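# Structural overview for review
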Protein chains: 2
Amino acid sequence: MLAGIPLVECVPNFSEGRDWPKIDAIAAEIAQGGAAVLRVEADADHNRSVITFAGDPRAVSESAFRAVAKAAEVIDLRLHRGMHPRAGAADVIPFVPISGISLAECAEIAHQVGARIWTSLQIPVYFYEAAALRPEAERLENVRRGQFEGLQMIPDLGGPALHPSAGAAIVGARRLLVAFNINLNTADPGVARRIAARVRAAGGGLPHVKALGIFLPSRNLAQVSMNLTDTDITSPQQAFDAVEAEARNEGVSIRNTELIGLIPESAVTPLGAAFRLCEDFGDHRILERRLKTVPRLP
Amino acid sequence: MLAGIPLVECVPNFSEGRDWPKIDAIAAEIAQGGAAVLRVEADADHNRSVITFAGDPRAVSESAFRAVAKAAEVIDLRLHRGMHPRAGAADVIPFVPISGISLAECAEIAHQVGARIWTSLQIPVYFYEAAALRPEAERLENVRRGQFEGLQMIPDLGGPALHPSAGAAIVGARRLLVAFNINLNTADPGVARRIAARVRAAGGGLPHVKALGIFLPSRNLAQVSMNLTDTDITSPQQAFDAVEAEARNEGVSIRNTELIGLIPESAVTPLGAAFRLCEDFGDHRILERRLKTVPRLP
């Protein structure tokens, strides 16, 4: 990543998490649009997939539009059942600044792509977070209240009637977040819900943590599903430690963890004071990284 | 680093830490020998320099021999004064397995280079750690007891008389270690010595930690100087935390920290349970690293 060259990430969520040919078709369309597909993942319980892609603003805009069009073609939301709330075939389409671009510029990209979605596909559009046109649309939970079958807000573009099979698209701009799930060695969703209520910021827990307790039928286990919206303040490890402590109080152990999409390096490996205070510290002091800069070494 | 292609690191210490043209001449000779010079550093108080280089066994052997020859040419140990014990112009020459090579094979390299040092340069040689030929030579401290002016052990090759100006070379093989120093906001070396005595393994402190309290005249401060010989067991951050706690008890704060040479990535950023337990975790999930694998992205 060179400073100055704008790089945008887009992490759309699609309401299909079981039929891989359909998911692959959407990913292929994204690649056709010019962006680089970084990861494709699907969850059968949520019946939802997430495709992470990145590129310059033009490529990412084109790929995002094509993804929404392909999702509308292959997904019929009237037939969709899953554990996760949703409003559209292509449900949420956030643009995330990575380098050389501001959050406000990503909001502009959201507005342009949203306009094209409405005019070309007749899918109504909501703008959320940094792209919201009204304060009550800033929070995704508000926009999606009532879901596809009974959304309560009027769309920003089109509507009030939704697209019959594709619903609405919620397009936005936001900062990087880390979607981090912790699976518990219990099938009791009540345990996960109590833990989530205690660790989330809204319950007086950790700052910049959103958390839900949910049940995953396919694996018969309970999960604490979190969004960490500022990992400089609360890292995944800190969130893990808090969930583990609460789980211990419930007499339950941690099974494993999951990330959705990609995670910034700083959230994996926050540097402790031992290195923050270190003279002349950097990649040139880390053996593996220094070796990579020497072309003739194996 | 490709698995299977042998890569050896060598981290020789030279008894010259003030005269940069001499240090640069040694580094140039190392590069001529075919290894890649990764870092050159010198300490005026210790009057000692450390050059980190790496390459295949043949190149590293040639570079190590040339370094010892050049050091013998430019350094006269009879004129050397410094805070650090030393036995030779090229004082300690450890070979460290990085990938595709065993510690025993590095000991063989040490024996071959040592033989060449004695036969070609008439500098007596001790073999230490994994290359030691007798148990009492395993520990570097034992070998170097009495220093240049009065070494107590007979060399393994040559001797008992040392080379008049270059002394002896202590050649060995060992695993990677992290040389990590913590500078205190005090000029009192007694504080550093008490802290070192409490945190080191030999004093019942942290496992795999060697520690000394020393005074740095040029900076007028006391330092806890450590070798961490298994950072999977005691990481630099854990050593830092222990020193910081002891310093707080002494009413002293930490000024900053220093590394000597390079540090393996795992010692900088040990993965917490949040990631050790994570499904499908790896470089492909870390945004910056995944982006680097996409050639056409900025």
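The model shown is predicted, which means the values in this text are computed figures rather than measured ones.

## Here's the deal with the overall build of chain A
On a plain count of helices and strands, chain A comes out with 10 helices and 11 strands. For chain A, the computed accessible surface area is about 12100 Å², with 52% contributed by carbon and sulfur atoms. Of the side chains in chain A, 31 bear a positive and 34 a negative charge, and the two mean positions are spaced by 2 Å.

## Section: the pattern of salt bridges
All chains considered together, the criterion is met by 48 salt bridges over all chains. B:R289 is the partner of B:D283 in a salt bridge, and the nearest nitrogen-oxygen pair spans 2.7 Å. Since its relative accessible area comes to 21%, B:R289 is described here as partly exposed. In this structure, a network of salt bridges that share partners links the residues A:E265, A:D283, A:R289, B:E265, B:D283 and B:R289.

## A word on the sheet that holds strand β8 (residues 178-184) of chain A
All names here are of chain A. Taken together, the four strands give an open sheet; going across it, the order is β9-β10-β8-β11, and neighbouring strands pair in antiparallel fashion. Because the sheet does not close on itself, it has two edges, and the strands there are β9 (209-216) and β11 (254-260). Pairwise comparison of adjacent strand axes, ignoring direction, gives a mean angle of 20° for this sheet. Of the strand pairs in this sheet, β9 and strand β10 (residues 221-228) are connected by eight bridges, and their pairing is antiparallel. Each residue of the ladder has a partner; that of K210, found in β10, is N227. In the packing of helix α6 (residues 189-199) onto the sheet, contacts are made with β8, β9 and β10, and the angle to β9 comes to roughly 180°.

## Some remarks on the confidence of the model for chain A
Detailed reading of the predicted model is not advised wherever pLDDT is low. For chain A, the mean per-residue pLDDT works out to 92, and 97% of the residues sit at or above 70. Interface predicted TM-score (ipTM) for the complex: 0.81; the corresponding pTM is 0.70.

## Here's the deal with the interface of chain A and chain B
Each side of the interface is counted separately: chain A has 60 residues, and chain B has 60 residues. Run the count over chain A and chain B and you get eight salt bridges. The closest approach of N and O atoms between B:R289 and A:E265, which form a salt bridge, is 2.4 Å. At the surface where chain A touches chain B, the tally comes to 34 residue pairs in polar contact (both at pLDDT 80 or more). Residues belonging to the side of chain A that touches chain B are distributed by class as follows: 36 nonpolar, 10 polar and 14 charged.

## Thoughts on the pairing of strand β10 (residues 221-228) of chain B
Residues and elements named next belong to chain B. Extensive coverage of β10 is indicated by the burial of seven of its eight residues. Judged from the six bridges that link them, strand β8 (residues 178-184) and β10 form a sheet pairing that is antiparallel. The residue of β10 that forms the bridge with N183 is Q223. In textbook terms, the turn of a hairpin is the stretch between consecutive antiparallel strands, and for strand β9 (residues 209-216) and β10 this stretch comprises four residues, one of which, N220, has a positive phi near 50°.

## Describing the packing of aromatic side chains
This structure, assessed with the given rule, holds four aromatic pairs over all chains. Here the aromatic cluster, defined as three or more aromatic residues joined through ring pairs, consists of A:F180, B:F275 and B:F281.

## Let's talk about the sheet that holds β8(B)
Residues and elements named next belong to chain B. Across the sheet, four strands lie side by side as β9-β10-β8-β11; this open sheet has antiparallel pairing. Each having just a single partner strand, β9 and β11 (254-260) make up the two edges of the open sheet. With strand direction ignored, the average angle separating the axes of adjacent strands in the sheet is 20°. When β8 meets β11, the two strands line up antiparallel, connected through six bridges. In the sheet register, I182 faces β11, and the bridge partner there is T257. Running at roughly 180° to β9, helix α6 (residues 189-199) makes contact with β8, β9 and β10 of the sheet. On top of the sheet, helix α7 (residues 236-249) reaches β8, β10 and β11; it is set at about 25° to β8, its chief contact.

## A word on the relation of the copies chain A and chain B
Put simply, the second copy of the chain is the first one after a rotation about an axis and a shift along it. Of the transformation placing chain A onto chain B, the axial shift is 0.0 Å and the rotation is 179°, giving an RMSD of 0.1 Å. What the superposition gives is, in effect, a two-fold axis relating one chain to the other. Within chain A, A:T269 has its C-alpha nearest the rotation axis, a separation of 2.6 Å.

What counts, and at which threshold
- Residues numbered from 1 in each chain as written.
- Chains lettered and ligands numbered in written order.
- Predicted model: local features only at pLDDT ≥ 70, side-chain atom pairs only at ≥ 80, totals over all residues.
- Heavy atoms only, no water.
- Helix = DSSP H or I, 4+ residues; strand = E, 2+ residues; numbered from the N terminus.
- Areas by Shrake-Rupley, 256 points an atom, 1.4 Å probe, with all protein chains shown as cover.
- Lys, Arg positive; Asp, Glu negative; His and termini not counted.
- Charge placed at Lys NZ, Arg CZ, Asp CG, Glu CD.
- Salt bridge = Lys/Arg side-chain N within 4 Å of Asp/Glu carboxyl O.
- Buried < 20%, exposed > 50% of the residue type's maximum accessible area, 1.4 Å probe, protein only.
- Pairing = 2+ DSSP bridges.
- Axes fitted to C-alpha atoms, helices over the stretch in contact; angles between N-to-C directions.
- Contact = heavy atoms within 4.5 Å.
- pLDDT = per-residue confidence, 0-100.
- Polar contact = N/O pair within 3.5 Å; in protein donor to acceptor, adjacent residues only side chain to side chain.
- Nonpolar A, V, L, I, M, F, W, Y, C, P; charged D, E, K, R; others polar.
- Phe/Tyr/Trp six-rings, centres within 6.5 Å; stacked < 30°, edge-to-face > 60°.
- Least-squares fit on C-alpha atoms with pLDDT ≥ 70 in both.

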